[in-house]
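Below, each chain spelled out in residue letters.
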Amino acid sequence: MIIKRVVDGMDERLDASSFIKRNLRKVFPDHWSFMLGELALYSFVLLLLTGTFLAFFYVASPDTTTYTGPYLPMQGRSVSLAYESVLRITFEVRAGLVMRQTHHWAALLFTAAMIAHLVRVFFTGAFRKPREFSWAIGVGLLASGIGAGFTGYSLPDDLLSGTGLRIAYSAVQSIPFIGTWLAFLFFGGEFPGTELLPRLLVLHIFLIPAVLGTLIGVHLALVWHQTHTAFPGPGTTEDTVTGTPVWPKFALKATGLAFVTFGVLTLLGGIFQINPVWLYGPFVPYTASSPSQPDFYAGWLEGLLRLWPNWEFHVFGHTIGELFLPGVVIPGLIFAALWAWPFLEARVKHDRAIHHYTQRPREEPVRSGVGAAGIAFFLLLMLAGANDVVAKFLQIEVDTFNTVLKILIFVAPVVAGVITWWICHDLLAHDERPIAEPTRVRFTRNRDGGFDEEHEPPGTQRGPTEREPSAP
Amino acid sequence: MKRAERWVALLFVLATIAALALFVVYIRDGNAQAQGILLFVALGGIGAGLMIWSHELMPRIKDERHPRAKAEPATEAEMQDAVEVVEAGVDEMRRRRFLSRLLIGAAGALGLAALIPIRSLGRAPHDSLFSTKWTRGAKLVTVDGTPVTASTVEVDSFTTVFPEGYAGSADSQAVLIRVQPGSLQLPDDRLAGAPDGLVVYSKICTHAGCPLGLYLAATQELRCPCHQSTFNVLDGANPVYGPAPRPLPQLLIEIGGDDVLRAMGDFTGPVGPSFWDEP
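Source: prediction; values computed, not measured.

Caption draft 1: Main features of the overall build of chain B. Within chain B, the regular secondary structure consists of 5 helices and 11 strands. Taking 279 residues into account, the globule formula puts the C-alpha radius of gyration at 19 Å, and chain B, at 33 Å, lies well above it. Dimensions of chain B along its principal axes, counting C-alpha atoms only, are 95 × 55 × 30 Å. Split into buried and exposed, the 279 residues of chain B put 34% on the buried side.

Shown next as structure tokens:
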């Protein structure tokens, strides 16, 4: 048998058979919510594939040329080589448009799946000890993913992306002491600078993907080594997991999900227009389109800028710009809070125990309340980031809508948090509980071929029955 | 002090000196050969010092070849063993406190020298954020370079203008608006730079730097499409709504004998969003 010879050969050289046995029988729990992280992973794979194709054609140059390609509305206009190369990918390179749009859709799914995965892990307490590092790396992946998205949609050098870069430049410039220097160093000078596009390209196709790839590797290795959390149930205790083995069931399922993900994203890329830079036109520094909206994962940042009051501070003959708090400090604090959450929660609850169970959200009403408040906060910020579009849709004045949002941003998270907390308590109170703890009987084979019975009193065995929903 | 130890110390000191020299050479933009040699001495000094330290001053031990099969979680004793192995290594380094300190010094100097190439990324800001391309006598032109004449600007019109020769310039972009003469409420010196209701402001929003693309003629307000900062054109472009903290700087203009509009100088203040060095 060829397989036996390969395995034996590996074993002789690498001591591999125990490794293979242990890992191919590794169990993945079956709950549907565990696939969210997988979706992000498969989107990342597709991003690498489509991105490589795009990189063969993209030109990172701000030098201008006169457009002579087949897209009539742009003919004769002065455009940058970067913008021209994106039009070329769109209109002249075979399969170029579907690659570009698939890349953009995949970026949206990548970030969306990471956010959904983060929410799932948060509400089920899967970040608890010993998995705090996985959580921290996951938050780092989200931050890097947003960075990848922002650098990516800035590359086409179209009007919308130029506006986003101008705002980013202003936010960097607002940092006390070093802001002006930082902005000049990165952009190569005063906005729009001369060095920007090649540097964005290096960040977007080299540095950030390298960080993402490394973090994903460690994230997966940790999950593999530490195993998944799982909901308690038959066969699933703090010490055992029941579910799908890696080989062959999970391997087929996961590969299948990867292909379905690829299929859906290529379908979106083929038939649903996204980021039509040929309609936005090339970037010129003296024009901005209205409305101007970033991709959804940057919407909360845009919302922060739109809702923040016009506070500016003057200290010792210097100015702390208006953008510093909403554009730099608050996003930094939000990510710091995400990173710190597992450690904060453990400290507040004096919980140093190892946890391998996934919790139901109701079991931790306070955490679930905080999570709901956070979701309300982010949804409102995203609405604020699109306030002009939403106001137009609702046929009300933008200023009126802003006033409503400024009130809601304080009220809604509190209301959402309290309601969630209350629902969790209510669900807990009505939870079914075991009528009585069952006793267990242990049978042992004796020398005569018969069995000895041994009754274990309730509460001594480990397993799901031991578990009570934790008290609020 | 052992002979090997003296060698290691010498190498670390050399590395430190080379790293500091590199710092100086870099700032003075010295030649590549000097940079290469100093980098070699700094990196190689640390490297050779570490190798000699390890080879001459640290003990060797014997271990079994096969890794012990790992089936159960580590016992308390095993965890204690692991801690002791790490601590033993740290103690081994601590035994030569002098060398350790030299090493930290050399690594620090090298780190400093390694950070400096960041400076190559861009030019120094100097005063460039305080000035634009506008100078006294510069003609106002549209984006295609056509000079703007006073008699062709209609009331309530909105024109993007640049200094002649710099059409499309990012920091010099300005908006020319004509309002009913007499409706401007400006201090006298500013009013003198807005003849016949022709008033010019920087087009860069003082909030996040977006171009002010929207003119609401009914209320004589400029509005930014990005974050809805709104400025009152009549009273010196003070912010009336939204997150912008400062008014738009004004460009004082005059009508030349040939009817062409000309700037009387640069803007009345730095354009765009605030920054640290701004008073």
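Anyway, onward from the coordinates.
Caption draft 2: Spatial organisation of the interface of chain A and chain B. Taken together, the contact pairs 46 residues of chain A with 37 residues of chain B. Those elements giving two or more residues to the side of chain A that touches chain B turn out to be α7 (159-173), α8 (179-187), α12 (299-307), β6 (318-320) and α16 (398-430) of chain A. Ranked by residue count, the leading element in the side of chain A that touches chain B is α8 of chain A, at 7 residues. Here the side of chain A that touches chain B is composed, by residue class, of 22 nonpolar, 17 polar and 7 charged.

Caption draft 3: Seen up close, the packing of α7 of chain A against α8 of chain A. Residue and element names in this part refer to chain A. At a closest axis distance of 7 Å, the pairing of α7 and α8 adopts a crossing angle of 140 degrees. By the angle between their axes, α7 is oblique relative to α8. Counting all contacts with α7, which are made through Tyr-169, Val-172 and Gln-173, the residues of α8 involved are Gly-179, Thr-180, Leu-182, Ala-183 and Phe-187. Looking at side-chain class alone, the contact of α7 with α8 contains 5 nonpolar, 3 polar and no charged residues.

Caption draft 4: Layout of the sheet that holds strand β5 (residues 214-216) of chain B. Residue and element names in this part refer to chain B. The sheet built from 4 strands is open, its strands ordered β5-β6-β7-β8 with antiparallel pairing. Both edges of this open sheet fall to β5 and β8 (238-241), since each of them pairs with a single strand only. Taking the axes of each pair of neighbouring strands and ignoring which way they run, one obtains an average angle of 35 degrees across the sheet. By the bridge criterion, 3 bridges tie strand β7 (residues 230-232) to β8 in an arrangement that is antiparallel. In the sheet register, Thr-230 faces β8, and the bridge partner there is Tyr-241.

Each value, and the rule that gives it
- Residues numbered from 1 in each chain as written.
- Chains lettered and ligands numbered in written order.
- Predicted model: local features only at pLDDT ≥ 70, side-chain atom pairs only at ≥ 80, totals over all residues.
- Helix = DSSP H or I, 4+ residues; strand = E, 2+ residues; numbered from the N terminus.
- Rg over C-alpha atoms; globule rule 2.2 N^0.38 Å.
- Buried ≥ 20, exposed ≤ 12 C-beta atoms within 10 Å, placed from the backbone.
- Contact = placed C-beta atoms within 7 Å.
- Nonpolar A, V, L, I, M, F, W, Y, C, P; charged D, E, K, R; others polar.
- Axes fitted to C-alpha atoms, helices over the stretch in contact; angles between N-to-C directions.
- Parallel < 35°, antiparallel > 145°, perpendicular 65-115°, else oblique.
- Pairing = 2+ DSSP bridges.

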